[in-house]
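For reference, the chains in residue letters:
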Amino acid sequence: MPANQKLSGNPSALFRPFKKHIMSVEQLEFVPFNTALSGDFLSINRQWIEDMFVMEPSDFAMLEDPYRYIIAPGGYIWFAAHKELGILGTCALHRQAEGVFELTKMGVRGHNRGLKVGEKLLRHVLEQSEKLSLACLYLLTNKKCAAAIHLYEKNGFVHSQRIMQRYGSAYERCDVAMEYCPDYHEKVIK
């Protein structure tokens, strides 16, 4: 478009083909953690946390040294990567005990939100979790994260007072706890 031509109508219409291009299944892949991606893990998560909340000591520790706090104790981290755009999002399974994992530090870069990156990443992480011998998979969040809560509910998480009582004090901002119950989800949907 020439520099002197004004945008008319809906400017977001210009980006629709670009959004479709980003979200083609062939373009998005999931990459496991390696130390070269530590900076992406930090920047993606720090962005969403600081946009909505205040970084807490446990955030700093986990984000600044994900190998020590997540990988070494038996956890996992994955990244959503695009061939041309690089790392778009990340999510971790933080091992709490034998067979007990917290789904945590799930975030998507601000300019890639709303493009279903988080949904595809969550589904990948849930598929990977099914390969583990899990007794419990849970997450902690906040009511401010309404879109994320809806995504979790849609993918088999249910609200859990038991999880809140046991793990909810991990973050000052936590006022929602959920547990992954895929069988419950399937019964509700049918």
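Values in this document were obtained by computation on a predicted structure and should not be read as measured data. (Residues numbered from 1 in each chain as written. Predicted model: local features only at pLDDT ≥ 70, side-chain atom pairs only at ≥ 80, totals over all residues. Heavy atoms only, no water.)

1. Focus on the pattern of salt bridges
Two side chains bearing opposite charge may form a pair once their charged atoms approach each other closely.
Stage number 1. In the structure shown here, the tally under the stated rule is 11 salt bridges.
Stage number 2. We note a salt bridge from arginine 46 to glutamate 50, for which the minimum N-O separation is 2.9 Å. Taken together, the residues span about one helical turn, with arginine 46 and glutamate 50 both in helix H2 (residues 38–52) at a distance of four residues.
Stage number 3. One salt-bridge network, in which partners are shared between bridges, spans Glu56, Asp59, Lys105 and Arg173. (Salt bridge = Lys/Arg side-chain N within 4 Å of Asp/Glu carboxyl O. Helix = DSSP H or I, 4+ residues; strand = E, 2+ residues; numbered from the N terminus.)

2. Section: the packing of aromatic side chains
Stage number 1. Across all of its chains, the model carries seven aromatic pairs by this definition.
Stage number 2. Judged by centre distance (5.6 Å) and plane angle (10°), the ring pair of tyrosine 76 and tryptophan 78 falls under stacked.
Stage number 3. We classify tyrosine 76 as partly exposed; its relative accessible area is 31%.
Stage number 4. A ring pair is formed by tyrosine 152 and phenylalanine 157, whose centres lie 5.8 Å apart and whose planes are at 65°; its orientation type is edge-to-face.
Stage number 5. A relative accessible area of 8% places tyrosine 152 in the buried class. (Phe/Tyr/Trp six-rings, centres within 6.5 Å; stacked < 30°, edge-to-face > 60°. Buried < 20%, exposed > 50% of the residue type's maximum accessible area, 1.4 Å probe, protein only.)

3. Some remarks on H2
Stage number 1. When the terminal C-alpha atoms of H2 are compared, their 22 Å separation across 15 residues agrees well with the 21 Å that a helix rising 1.5 Å per residue should span.
Stage number 2. Taken together, the buried positions of H2 are occupied by Ser38, Asp40, Phe41, Ile44, Asn45, Trp48 and Ile49.
Stage number 3. Those residues of H2 that are buried lie in contact with helix H3 (57–64), helix H4 (66–71), strand E2 (76–82), strand E3 (86–97) and strand E4 (100–108). (Expected span 1.5 Å × (residues − 1). Contact = heavy atoms within 4.5 Å.)

4. Comments concerning H3
Stage number 1. Those residues of H3 that sit buried are Asp59, Met62 and Leu63. Here the buried residues of H3 occupy an arc of 95° about the axis, which is enough to place them on one side. Exposed residues pointing more than 90 degrees away from the buried face of H3 are listed as Pro57 and Glu64.
Stage number 2. Close packing links the buried residues of H3 with H2, H4, E3 and E4. (Arc of directions from axis to C-beta.)

5. Section: the environment of cysteine 181
Stage number 1. Mapped onto the elements of the fold, cysteine 181 is located in the loop between strand E7 (176–180) and helix H8 (182–189).
Stage number 2. Cysteine 181 gets classed as partly exposed once you look at its relative accessible area, which sits at 21%.
Stage number 3. Spatially, the C-alpha atoms of cysteine 181 and glutamate 153 are 9.7 Å apart, while their sequence positions differ by 28 residues.
Stage number 4. Aside from chain neighbours lying at most four places away, what touches cysteine 181 is Gly156 and Val158.

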